[in-house]
Amino acid sequence: MKESLSLVQRLSAHPDSRCWFVSWSPNGTLLASCGGDKAIRIWGKEGESWVCKSVLQDGHQRTVRKVAWSPCGNYLASASFDATTCIWKKKSDEFESLTVLEGHENEVKCVAWAPSGNLLATCSRDKSVWVWEVDEEDEYECVTVVNSHTQDVKHVVWHPTQELLASASYDNNICVYKEEDDDWECRATLTGHTSTVWSLSFDATGQKLASCSDDRTVKIWRECPAESGQGDVSWKCVCTLSGYHSRTVYDVAWCHLTGALATACGDDAVRVFKEDETADPEQPVFSLAAHMAKAHSQDVNCVAWNPKEAGLLASCSDDGDIAIWRFQEED
Amino acid sequence: MKPFWDQNSFLRPVSFHSCQVNGGSQQLLSACLSCDGCLSEEENLKISQQSLEEVERVLALNKKCDVSKHKVLVASVCPQSLPFFAVKFGLDISEAACKLCCFLKSLGVHYVFDTTLAAGFSILESQKEFILRYHRRNHDSHALPMFTSCCPGWIRYSERVLGSLVTPHICTARSPQQIMGCLVKDYFSTQQKLSPEKLYHLVVAPCFDKKLEAVREEFYNSLLETRDVDCVLTSGEIYYLMERRKIIVEELDLVPLDHVLGETGDSVLVRHEGRGSEGFLEHIFKHAAKELFGLDVHEITYKTLRNRDFQEVTLERDGETLLQFAAVYGFRNIQTLVHRMRKGHVPYQLVEVLSCPGGCLSGRGQAESEKEHRVDKALVQQMEEAYSSLPVRLPEVNPVLHTLYQDWVEGQDSSHVSSLLHTQYRNQSQSHSQPIYMQW
């Protein structure tokens, strides 16, 4: 096992609580974290160290489950178990609550901004996926509410280049949505996982989608060429990484700079996989490039690659910590 | 480690969904009524009891010797249901109505009414209320915007989820179905010298949400233990009954509909303005334009906003906007409306709100495609054409309404107006109760 993951810094981010999620700002200089203490923290570098720059305390009544930066980096969205999604506007080093999106019946599990910056998706334990559109005046309109899953929806993610949305659920399925006529519909259901799908990540081009599950595997899906004229989306599972994780895989992150795939696992470990460049792209092969067994002292909930600095990886855990790692390729 | 119940799928808690109790129809309620725990066990039961089996049971009792169990059956057909039968029968809407009437009477129904009359009351009362609210707008923050009250899915969502942000804004005029219930069980029963419990009131409606409306406490007479509406069946359910009994439409006679006032009534079917949901927006717009600004509006121009189910109508004079109304249909557009309400950014004085995208003609009790769980657009298009083919008549000029205002309500401003034609809304915001287990 090549130990090419080295710890840069460990931060006690959400003390006496869980740290649920970390997200890098689009320019890679800030890291947002959120947790069971209902707070969001913004971390930035001062000299060689990462320090807490700001705490967003009173936005939510319950756990903040995920945070997401807008593509322009000026807004932050936070999804909470209090059933709301808060939109924050960045004003120099501070964040101001701009608006609150309500409507989900219960816990919001994820929020994601589309690359265009105009659309925001949320998903919830109420089984639905919502899309909101925001205009130049920061006014929000509900675009759609889709009920394609039969259970709690854990994660939503936008395609990097197309207006396409994917969601992952406790019902073991992944749904892919597209706009049709004047509404959004589930155009493809990806089945294969045998338990909850916790997270999703597109590769840089969006041709491949990685999913991770309670079934302890990571699956790689590839978009199949569209049927003539139909424009119907079709995805096939082209690779399953099994036998590597001894517990639930809670998060998967595809580095858009290097193509490396990181995973967050309930066995407290962080792993990095690399794709074998000689393999047939239709049948990709991944090998384990790094395995940090005790990355945290409890479940690792999230992994996130820095979008500008290759090899810089953040992880966070039920232990309340954030860990920042450097992944270096073996020569 | 996460709690054990999330680690192992075989210990996965079963999602108790009240849907399962009732098989099919629950899934066909509008999105407004589809959240978990919206309907109580009791409501679920009462809705499931509104079935073909139940109606056949009542009809069967009428054929038995025990006279004490006999009921006079009255069927009120929603004008939104008639276009469905017109398309299915391949006939024009007036003929289809007569054939439907013949079928219902052949089953044993004694009277068949068109609820357009009751809708007329609802429109007139809504118009009046709008004017009153408009005059109060500067000293009553709850006066405007006014939201229409004909859709039970919207009412329920407002009461249960939105609460006092919205409920004080909802027009208190009863919906057409509720007024019909009252008209049949109070006025008509008195005219026929029958006590209300001897009448069984069946409503044929385009959607399933109307079944929930029928079981509202407000429409239950606890003294007599009678409901204003005993059973709602959808257009689809009636059509299914016809198919099951192998009815051949050509063999049905043309039997004209009955009239609440007896012989004196229209022989021609008429409709209200708008595109199939009784046209509350259109009627109130025209009435307000005249009443408040002395302007006669002949044609209404709609501006479509983000999708077909979000439309605006504006009254302007010399570049000044006098009135701005909106029609907001469907769950997603209702969310936008509510979001703006929370921010105080609603520019409209009136919003016609309906749960179903496309309005009442697209109700899932008739517009649902048999093969896929989606609206049959071709069918809806045909129903819209059938509906538009009827001549429009404003409720203001309906002589029957005038008579009823005198004879039944005892005047447009009598004390009975409130009890017979208006209702109240409850704030029952459900607290989001935590489940015993926490799902991550």
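All of these numbers come straight from a predicted model, not from anything done at the bench. (Residues numbered from 1 in each chain as written. Chains lettered and ligands numbered in written order. Predicted model: local features only at pLDDT ≥ 70, side-chain atom pairs only at ≥ 80, totals over all residues. Heavy atoms only, no water.)

Caption draft 1: Inspection of the sheet that holds strand S11 (residues 350-354) of chain B at higher detail. All names here are of chain B. In space, the five strands of this open sheet follow the order S3-S11-S10-S9-S8, with mixed pairing throughout. Sheet topology places strand S3 (146-147) and strand S8 (303-304) at the edges, where each strand pairs with a single neighbour. Direction of pairing for strand S9 (residues 310-317) relative to strand S10 (residues 320-329): antiparallel, over a ladder of eight bridges. Pairing of Gln-311 across the sheet is with Ala-327, part of S10. Contacting S3, S9, S10 and S11, helix H11 (residues 280-293) crosses the sheet at an angle of about 165 degrees to S10. (Pairing = 2+ DSSP bridges. Helix = DSSP H or I, 4+ residues; strand = E, 2+ residues; numbered from the N terminus. Contact = heavy atoms within 4.5 Å. Axes fitted to C-alpha atoms, helices over the stretch in contact; angles between N-to-C directions.)

Caption draft 2: Fine view of the UniProt feature "repeat: WD" (unreviewed entry) in chain A. Residue and element names in this part refer to chain A. Cross-referencing UniProt, the feature "repeat: WD" (unreviewed entry) maps to residues 22-43, 57-98, 101-142, 146-178, 190-221 and 293-331 in the present numbering. The span residues 22-43 carries 0% helix and 59% strand; its end-to-end C-alpha distance comes to 10 Å. Within the segment residues 101-142, helix and strand shares are 0% and 52% respectively, and the terminal C-alpha atoms sit 10 Å apart. (UniProt positions renumbered as here; feature names shortened; annotations may be inferred.)

Caption draft 3: Broad picture of the nonpolar core. With 67 residues, the main nonpolar core has A:Trp113, B:Phe130, B:Phe147, B:Trp154 and B:Leu323 as its most contacted residues. With eight residues, H11(B) is the largest single contributor of residues to this core. In this structure, B:Trp154 is in contact with B:Cys32, B:Phe147, B:Thr148, B:Leu162, B:Val166, B:Ile170, B:Ile334, B:Val353 and B:Ser355, ignoring residues within four places of it in sequence. B:Leu59, B:Ala97, B:Cys102 and B:Tyr200 belong to the second largest nonpolar core, which has 42 residues in total. (Core = buried A, V, L, I, M, F, W, Y, C linked by side-chain atoms within 4.5 Å. Buried < 20%, exposed > 50% of the residue type's maximum accessible area, 1.4 Å probe, protein only.)

Caption draft 4: View of the sheet that holds strand S8 (residues 85-91) of chain A. Residue and element names in this part refer to chain A. Strand order in this open sheet of four strands is S6-S7-S8-S9, and the pairing throughout is antiparallel. Lying at the two open borders of the sheet, with one neighbouring strand each, are strand S6 (64-69) and strand S9 (94-101). Strand-to-strand twist of the sheet, defined as the mean angle between neighbouring strand axes without regard to direction, takes the value 25 degrees. Across seven bridges, S8 lies against S9 in antiparallel orientation. Among the inter-strand pairings, Cys-86 is bridged to a residue of S9, identified as Val-100.

Caption draft 5: Seen up close, the pattern of salt bridges. By the definition in use, this model includes 43 salt bridges over all chains. B:Glu159 serves as the salt-bridge partner of B:Arg216, at 2.9 Å between the closest nitrogen and oxygen. With a gap of 57 residues between them, B:Arg216 in the loop between helix H9 (209-214) and strand S5 (220-221) and B:Glu159 in helix H7 (residues 152-162) connect regions that are remote in the sequence. Both residues of the pair, B:Arg216 and B:Glu159, count as buried. Three or more residues are tied together by salt bridges with common partners; here these are A:Glu133, A:Glu141, B:Arg306 and B:Arg340. (Salt bridge = Lys/Arg side-chain N within 4 Å of Asp/Glu carboxyl O.)

Caption draft 6: Broad picture of unusual backbone geometry. All names here are of chain B. Cis geometry marks the peptide bond from Leu-144 to Pro-145, where omega comes out at -5 degrees. Along the chain, the position of Pro-145 falls in the loop between helix H6 (116-136) and S3. Even without a glycine there, the phi angle at Glu-278 is positive, about 75 degrees. By the secondary structure assignment, Glu-278 is in the loop between helix H10 (235-244) and H11. Among the residues examined, Glu-278 registers a relative accessible area of 4% and is labelled buried.

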